[in-house]
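# Examining the three-dimensional arrangement
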Amino acid sequence: MTARFEVLATGPLTTIQDSGRPGQAALGIGRSGACDRTSYQLANRLVGNHPDAAALEVTFGGLSVLAEADLVYAVAGAPCSNVALNAPALLRKGEVLQLGPPRTGLRTYVAFRGGLDVDPVLGSRSTDLLSGLGPAPVAVGDVLALGKDHGPMPGVDLAPVADPPGGEVVVQVLPGPRRDWFTDAGWQSLTGQSYTVSSNSNRVGVRFEGQPLERARDGELVSEGMELGALQIPPSGLPVLFLADHPVTGGYPVIGYVAAPDLDLCGQLRPGQSLRFRERTR
Amino acid sequence: MMRVLPCGSSALLVELGDLDEVLGYYAALRADPPAGVVDIVPAGRTVMVTVDHTDLAALERILLSTTPLVDRRIGGDLVEIPVVYDGEDLADVAELLSCSIEEVVQRHTAEEWTVAFCGFAPGFGYLTGESSWDIPRRSSPRTKVPAGSVALAGEFSGVYPRESPGGWQLLGRTDVNVFDLDQDPAALLSPGRRIRFVDATSSAAPNGRRG
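Residues numbered from 1 in each chain as written. Chains lettered and ligands numbered in written order. Predicted model: local features only at pLDDT ≥ 70, side-chain atom pairs only at ≥ 80, totals over all residues. Heavy atoms only, no water.

An unreviewed UniProt entry annotates chain B as KipI family sensor histidine kinase inhibitor of Kribbella italica.

In the nomenclature of an unreviewed UniProt entry, chain A corresponds to Biotin-dependent carboxylase-like uncharacterized protein from the organism Kribbella italica.

It is worth spelling out the interface of chain B and chain A at this point. The accessible area lost on association of the parts is a frequent measure of interface size. Facing 33 residues of chain B, the contacting portion of chain A comprises 31 residues. Taking both partners together, chain B and chain A bury about 2,200 Å²; carbon and sulfur atoms supply 64% of that area. Its largest share of buried area at the contact with chain A, chain B owes to S9, D39 and P122 of chain B, together 18% of the area lost on that side. Summed over the shared surface of chain B and chain A, the result is 1 salt bridge. The salt bridge involving E15 of chain B is made with R178 of chain A; its shortest N-O contact spans 2.7 Å. For the pair chain B and chain A, the interface holds 8 residue pairs in polar contact (both at pLDDT 80 or more). Mapped onto the side of chain B that touches chain A, the elements with two or more residues apiece are β1 (3-6), β2 (11-15), β3 (37-42), β4 (46-51), β6 (113-119) and β7 (121-128) of chain B. Among the elements that take part in the side of chain B that touches chain A, β3 of chain B stands out by supplying 5 residues, more than any other. When its residues are assigned to classes, the side of chain B that touches chain A shows 20 nonpolar, 8 polar and 5 charged. (Contact = heavy atoms within 4.5 Å. Buried area = accessible area lost by both parts, 1.4 Å probe. Salt bridge = Lys/Arg side-chain N within 4 Å of Asp/Glu carboxyl O. Polar contact = N/O pair within 3.5 Å; in protein donor to acceptor, adjacent residues only side chain to side chain. Helix = DSSP H or I, 4+ residues; strand = E, 2+ residues; numbered from the N terminus. Nonpolar A, V, L, I, M, F, W, Y, C, P; charged D, E, K, R; others polar.)

All names here are of chain A. Among the residues making up helix α2 (residues 184-192), those that are buried are G186, W187, S189 and L190. Down the axis of α2, the smallest arc covering the buried residues is 155°, so these residues share one side. Tucked inside the fold, the buried residues of α2 contact β10 (169-175), β11 (195-197), β14 (230-232), β17 (254-258) and β18 (274-279). (Buried < 20%, exposed > 50% of the residue type's maximum accessible area, 1.4 Å probe, protein only. Arc of directions from axis to C-beta.)

Glancing now at the side chain of H246 of chain A. Residues and elements named next belong to chain A. With respect to the helices and strands, the residue H246 is situated in the loop between β15 (240-242) and β16 (249-250). Among the polar contacts made by the side chain of H246, one reaches the main-chain amide nitrogen of L228 at a distance of 3.4 Å. Filtering out sequence-adjacent residues up to four positions away, H246 remains in contact with L130, R203, V204, M226, E227 and L228.

What follows is about the domain arrangement of chain B. Residues and elements named next belong to chain B. The domain boundaries assigned to chain B delineate domain 1 (3-65) and domain 2 (79-199). Taking only C-alpha atoms into account, the centre of domain 1 sits 27 Å from that of domain 2. Contact with domain 1, which involves 7 residues of that partner, is made by 8 residues of domain 2. Across the domain 1/domain 2 interface, buried area totals approximately 570 Å², and carbon plus sulfur atoms make up 75% of it. (Domains from an automatic or database assignment.)

Our focus in this paragraph is the domain arrangement of chain A. Residues and elements named next belong to chain A. Split into domains, chain A comes out as domain 1 (4-145) and domain 2 (169-279). The straight-line distance from the C-alpha centre of domain 1 to that of domain 2 is 27 Å. On the domain 2 side, the residues contacting the 30 residues of domain 1 number 17 residues. Between domain 1 and domain 2 the total buried area reaches about 1,600 Å² when both faces are included, carbon and sulfur atoms providing 49% of it. Counting the surface domain 1 buries against domain 2, the share from its top three residues, C35, R107 and L130, is 32%. Between domain 1 and domain 2 we count 1 salt bridge in total. Note that E57 and R203 form a salt bridge whose closest N and O atoms lie 2.8 Å from each other.

A few words on the sheet that holds β7 of chain B. Residue and element names in this part refer to chain B. Across the sheet, which stays open at both edges, the 7 strands sit in the order β5-β13-β6-β7-β10-β9-β12 with mixed pairing between neighbours. The sheet terminates laterally at β5 (79-83) and β12 (169-173), the two strands that pair on one side only. Across the sheet, the mean angle from the axis of one strand to that of its neighbour is 35°, orientation sign disregarded. Pairing analysis gives 5 bridges linking β5 to strand β13 (residues 194-199), with the strands arranged parallel. In the strand pairing of β13, E80 is matched with R196. Contacts between helix α1 (residues 19-31) and the sheet are confined to β6, β7 and β10 (156-159), with β6 contributing the most and set at about 80° to the helix. Helix α4 (residues 101-110) contacts β6, β9 (149-153), β10, β12 and β13 of the sheet and is inclined by roughly 150° relative to β13. (Pairing = 2+ DSSP bridges. Axes fitted to C-alpha atoms, helices over the stretch in contact; angles between N-to-C directions.)

Rendered as structure tokens:
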């Protein structure tokens, strides 16, 4: 019998994610994929999955699933109450796995041994909320089957990983292609102030509340390519930080980019949290 | 003049003089891609190159030594797209161009269009012609443009891959599915492809608005 489970509750948003659809941006197709790739990859590793296996991305806890067979799973990312983190575990047939709200962070990854067996779309099982590609967000009553794509168990009981930070987060930022559209005072305002993460944030981008940035020039930018981590400045002067489901092109100037090591941290920012951008120097 | 601009830890943005140069530069990079390339994204005046490593100095050297190809088209046959010219904005476009509706259709079908870049939605191509079009967007965008609508805006023509909001001027409609998940590649209108629109109005339903 195929291993599978039934979804009893989803919390605010649960989607299926893998490592996304790289290499198709020229066709208007974004990469998408897990917002916190480090945690997603760890959850997969702990159950011996292929690195690109599909897992659940749970936003602010609230997921509840009923096992219809014995399942091996691992949870990583934002630490939810009720569940063991960063360790492989067994969910027996008839048992319920229930994720409470996370202590810190926003996104929790649940990988099941074998990976989620849903049909790939353009090479990926990721839900892209902006383009509408991939499986629909997980809904109550969904029955999800597991695949058989796995290697041996890694022989690790627990991966020692720090929780996502709960207080003020500092991320390193590099000047972007349109740094010169802003005055030096604008750049200093970006790297000097403490922003608050807005509740108006999602997998497309993180929005911030704070002091607007001063621009050095007006006018419109011809749309250009955008990457993960772009800090786009719309006319409001408040940055939008692009996450996994960002558009492949955009028409607002990008003042800077979050440096790669801090991108996963940004996928764990929760509304109300404070954040500082520090210019990366080396 | 070409400029290379920073785009985070694994990408660079090449700024070029105009759209023609973008097309030629994109074609050159596609013909001889840099090592470790993940994505090459052409746009109106730029080409963004993303790689799977962080040796951006090496990438920059390659980008600076790449020159745009004169023949900017990517191989493959000319794609023909049959269009029923009965769009709601056809009369407005004719007025904007100070010509008849028939002349609009004649000009739209006479052009050889090239897909300059994609964006807005998966499979939405920005097609540029040989003559210079300059069509303003509608003053008030529609909340729903049907899939398959063939439209004009600025210097571009396009085909809506699926129903979406949109402010382009609607010329007509096509049955060609420009973004089909069952096809490989899913997007028919990839950058560099050559396109010709064919007038299918007369063979369409007799209740077409033109005639």
